[in-house]
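# Remarks on the overall topology
Residue-level listing of the chains:
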Amino acid sequence: TALQAFIYDLIYVNATIFPRDNLRIPSYDELPGVFAKEGVGLNLPHCSIDGFKTNGGTMNAGMCARMRLAFPRFVQDAYNKSENVLIVAEDFDRAEIDFNRLRFYLQPYKKVKVIVTYRRLHDWLPSWYNQIMDHYTLVYAKGEQNYPSFVEWMDTNYDKFLEAHSIPVADRYRSFNFVESVHLVNMHEVGKNLIEHFFCNHLQARATCQVIREGAKPSKSNIGTNHEYERLTIKAKFRGKIQTDFNKLGNRVKATRFLKRRVQEINAHDALPRICPRDALLEQIFQTELEQERTYFPEWHESQGEEEGLRNEFNMAVKKKFCSFDVDKIIDSGMLDSIFKEFTI
């Protein structure tokens with residue numbers, strides 16, 4: 001999100017920078033769909049998903065009708081002018097993408113380069129869970145679906161969602177003949193300088209690199225919200241502990257913030273019962289990380305203390321991010337009943 005925001009922020013502030021680096025970025029009119037602003041690039045992978053909405057996409061065939069006309073014209077025009085097209089979108093990680101369709105959209109370009117950012121599973125999985133939950137909160141608040149904890153989500157979906165992690169994604173793109181090269185960027189190694197590293201090192205875009213080093217920054221970053229207190233608040237509502245209309249977004253947000261604040265004020269946060277992932281699953285995740293870093297980032301892995309260093313980082317992440325409130329046990333215990341009764345609107 002930060003990289004996408006930076007690109008479209010810069011176009012709005014100074015549309016001449018990217019052309020000076022011979023980079024062509026599609027506008028919404030050139031890559032139309034349900035996603036706008038910094039999300040324009042998302043329209044391409046979602047219109048490339050096999051089966052569209054029926055296979056997990058956000059757009060159906062009708063929604064992609066404009067894109068099927070506008071985007072090929074944009075690509076052909078950029079190709080005729082010998083410009084390098086840059087499209088950034090997280091959802092190119094979808095395993096459901098029809099790569100023949102994606103290849104069709106990128107014609108007549110014959111040199112397609114893919115850059116994938118690597119983030120350790122123990123950091124990526126909780127972050128991705130939080131982002132996905134952001135999109136479905138209203139559905140959960142209405143009771144249309146069960147609001148899964150991170151532990152439940154992992155137990156059910158880990159193998160499926162592993163396909164969207166950077167290493168399997170990079171391997172998938174390497175398997176296609178139309179992709180000239182695939183580069184993995186280690187986010188842990190470049191740190192907060194990811195955008196600078198991307199434009200200055202990988203793309204060698206001098207004009208863009210200069211504005212970055214002069215202080216240009218994205219307007220937003222990809223930071224998911226922790227959903228534990230929200231899950232607890234919604235469950236309390238359905239269990240009759242909170243008498244408030246949650247169809248109004250403001251009420252739900254106020255109740256969640258109130259609950260979190262009061263629990264922290266009485267120092268009860270650490271005492272709330274929790275559930276954690278199965279040991280076998282945790283070890284599976286760790287061994288996958290270990291193999292990935294030994295294979296793809298051996299020097300960096302060694303510099304971080306090898307297996308022992310990774311194990312220490314993994315254990316800290318599990319302790320901090322992997323366990324979830326046992327919301328039923330919390331509510332059944334009555335330990336927060338006095339706080340639930342305090343909330344009124």
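Below, the structure is looked at part by part. (Residues numbered from 1 in each chain as written. Predicted model: local features only at pLDDT ≥ 70, side-chain atom pairs only at ≥ 80, totals over all residues. Heavy atoms only, no water.)

### Observations concerning helix H5 (residues 99–106)
To keep it simple, the criterion reads: The buried label applies to any residue whose accessible area, calculated with a 1.4 Å probe on protein chains only, is under 20% of its type's maximum; exposed applies above 50%, and partly exposed to all values in between. By the criteria applied, helices consist of DSSP H or I runs no shorter than four residues and strands consist of E runs no shorter than two, each listed in order from the N terminus. What the arc measures is the spread of directions leading from the helix axis to the C-beta atoms. In this analysis, two residues are considered to be in contact whenever any of their non-hydrogen atoms come within 4.5 Å of each other. Definition of a polar contact: a pair of N or O atoms within 3.5 Å, with one able to donate and the other able to accept a hydrogen when the atoms are protein atoms, and with sequence-neighbouring residues admitted only if both atoms are side-chain atoms.
Burial in H5 covers these residues: Phe 99, Arg 101, Leu 102, Tyr 105 and Leu 106. Looking straight down H5, one finds that the buried residues subtend no more than 155° of arc, so they occupy a single side. Looking at the buried side of H5, the elements it contacts are helix H3 (43–48), helix H4 (65–80), strand S3 (112–118) and helix H8 (166–174). Its side-chain oxygen 3.0 Å from the backbone nitrogen of Asn 100, Asp 98 forms the N-cap of H5.

### So, the pattern of salt bridges
Using the following cut-off: Salt bridges are defined as contacts in which a side-chain nitrogen from Lys or Arg sits within 4 Å of a carboxyl oxygen from Asp or Glu.
Per the counting criterion, the structure on display carries 20 salt bridges. Glu 265 is the partner of Arg 262 in a salt bridge, and the nearest nitrogen-oxygen pair spans 2.9 Å. Of this pair, Arg 262 and Glu 265 both sit in helix H13 (residues 249–265), 3 residues apart, which is roughly one turn of the helix. Owing to a relative accessible area of 16%, Arg 262 belongs among the buried residues under this scheme. Since its relative accessible area comes to 46%, Glu 265 is described here as partly exposed.

### Thoughts on the state of the cysteines
Basically, it comes down to this: Disulfide assignment relies on a single distance test, namely cysteine sulfur atoms paired within 2.5 Å.
All chains considered together, the criterion is met by 3 disulfides. A sulfur-sulfur distance of 1.9 Å marks the disulfide that ties Cys 276 to Cys 323. Here the S-S torsion is close to 110°, and the disulfide linking Cys 276 with Cys 323 is therefore right-handed. Placement of Cys 276 in the loop between strand S5 (274–275) and helix H14 (279–296) and of Cys 323 in the loop between helix H16 (306–322) and strand S6 (324–325) is noted, with a sequence separation of 47 residues between them. Each bonded cysteine of the protein gets a number by its place in the sequence, and the pairs then read 1-2, 3-4, 5-6.

### Comments concerning the packing of helix H1 (residues 2–13) against helix H10 (residues 194–202)
What counts is decided by this rule: What counts as an axis is a line fitted to C-alpha atoms, over the stretch in contact for a helix, and the angles between N-to-C directions run from 0 to 180 degrees. By definition, turning the near helix anticlockwise from the far helix through less than a right angle yields a left-handed crossing, and turning it clockwise yields a right-handed one. Three classes are used, and their members are as follows: Ala, Val, Leu, Ile, Met, Phe, Trp, Tyr, Cys and Pro are nonpolar, Asp, Glu, Lys and Arg are charged, and the others, Gly among them, are polar.
Across the interface, H1 lies against H10 with an axial gap of 10 Å and an inter-helix angle of 65°. When the axes of H1 and H10 are compared, the crossing they make is right-handed. Here H1 contributes Ala 2, Leu 3, Phe 6 and Ile 7 to the contact with H10, which in turn contributes Ile 195, Phe 198 and Phe 199. Looking at side-chain class alone, the contact of H1 with H10 contains 7 nonpolar, no polar and no charged residues.

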